[in-house]
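Understanding the architecture of this molecule
Each chain is listed here by its residues.
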Amino acid sequence: MSTQTQRRPPTGSNPGAVPAPAGPGRPRQRPRLGMVVLGSVIAVLFVLPLWWAAVSALRPQRETFATLSPVSLWTLLPRGLTIGNFDRLFDAEFGRALLNSTVVTVATLVIGLAICATAAFALAVLHFPGRGVVFAVMVVSFLIPFDAIAIPLMSIFRDAHLENTYLALVLPGVGNGFAVFLLRGFFLGVPVDLAEAARVEGLGWWGVFWRIYLPLSRPALIGAGLILFVFQWQAYLWPLLIAPDPEMTVAPVAIAQFAGQQGVDFGAIFAGAVLTALVPLLILLFFQRYFTQSVSSSGLK
């Protein structure tokens, strides 16, 4: 009787297992690393002009463009720092222009949110004849560039004796079609059963809007508020046309006035641009996640 010697596999090995390929994580890590590098390069390309503008606001005016040819390290780093550009900026009553921009933007934000939210609620929840037509007209309204209707609108406001008033600066920004579109998409995502249950309990439509829809729509309201804020804060053509009085000048118009027949004060222009850009930058960074959430939950695809 012969005895056959059986070879046993080493301890811990599985004879039926398929050998795993070498370095299973590397093929996945390479595309991810490439996307990180590409995103970093794009971010740097976006940041460099902002950094150069901020540096130019703090360097002497004679060095603003002297370091561009040839490009060197001193293009992005100032040899000397000065606040003279900001001094000239506020000597020209830029502070009043900044205050006008703040008043107009805050008023537009408060009134505009009230109007846009109620309009979006009506278009999303209430059923009335012609609702689709009204929504279509509203969508077309925000697709038309405001510059195309600025001149006819200015004639209407002048005929109404609203020139050089805060009301004239605020009114065109309170009815923002894109803000209504955004809020309507969010309101459509609210379960209808909540409104129906509230109506059964005797709550009116205003109560449904105020007690149910508004508390649930904070991200959408923040997103719509950011749209209204950016639209009004950066407005240039409309304030230039409807409010030529120096007492009613807003910040973007005041910055443009540093380029005149006597020359261009680039240092003051960069200083004003940095100040006016700093406010929306901080606000957008703080509310960024709310704006992203409002867009993703509004049904935009």
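The notes below deal with the structure included here. Predicted, not measured: the structure shown is a model, and the values here were computed from it. (Residues numbered from 1 in each chain as written. Predicted model: local features only at pLDDT ≥ 70, side-chain atom pairs only at ≥ 80, totals over all residues. Heavy atoms only, no water.)

Section: the pattern of salt bridges
Our working rule: Just to be clear on terms, a salt bridge is a Lys or Arg side-chain nitrogen sitting within 4 Å of an Asp or Glu carboxyl oxygen. Numbered from the N terminus, helices here are DSSP runs of H or I no shorter than four residues, and strands are runs of E no shorter than two. Partly exposed describes any residue whose relative accessible area lies between the buried limit of under 20% and the exposed limit of over 50%, with all areas from a 1.4 Å probe on protein chains only and scaled to the type maximum.
The tally for this structure, following the rule as stated, stands at three salt bridges. Residue arginine 88 is joined to aspartate 265 by a salt bridge in which the shortest nitrogen-to-oxygen separation is 2.8 Å. Here aspartate 265 lies in the loop between β2 (263-264) and α13 (266-286) and arginine 88 lies in helix α2 (residues 84-91), a separation of 177 residues in the sequence. Judged by relative accessible area, which is 14%, aspartate 265 ranks as buried. For arginine 158, the salt bridge is made with glutamate 163, and the minimal N-O distance between the two is 3.4 Å.

Focus: the nonpolar core
In globular proteins that are soluble, nonpolar side chains generally tend to be buried together. Where we set the bar: For the purposes of this section, nonpolar cores are sets of buried Ala, Val, Leu, Ile, Met, Phe, Trp, Tyr and Cys residues that join through side-chain atoms within 4.5 Å. What makes two residues a contact is simply this: any of their non-hydrogen atoms within 4.5 Å.
Of all hydrophobic cores here, the largest spans 25 residues; its most connected members are Phe121, Leu183, Phe187, Val208, Phe209 and Tyr213. Here this core gets six residues from one element, more than from any other, and that element is helix α3 (residues 94-124). Residues contacting phenylalanine 209, with those up to four places away along its chain left out, are Ala117, Thr118, Phe121, Phe187 and Leu214. Judged by nonpolar contacts, the second largest core, of 16 residues, contains Phe157, Trp238, Met248 and Val250.

So, the packing of helix α10 (residues 218-233) against α13
Selection rule: Whenever a helix is involved, its axis is fitted only over the stretch in contact; in every case the axis is a line through C-alpha atoms, and angles between N-to-C directions fall within 0 to 180 degrees. Any angle that is under 35 degrees is reported as roughly parallel, and any over 145 degrees as roughly antiparallel; angles of 65 to 115 degrees are reported as roughly perpendicular and all others as oblique.
Between α10 and α13, the least distance of the axes is 11 Å, while the angle of their chain directions is 175 degrees. As summarised for this structure, α10 and α13 are arranged roughly antiparallel, according to the angle between their axes. Where α10 abuts α13, its residues Leu226, Phe229, Val230 and Trp233 lie against Thr276, Val279, Pro280, Ile283 and Leu284.

In short, shape yes, function no, at least from these values alone.
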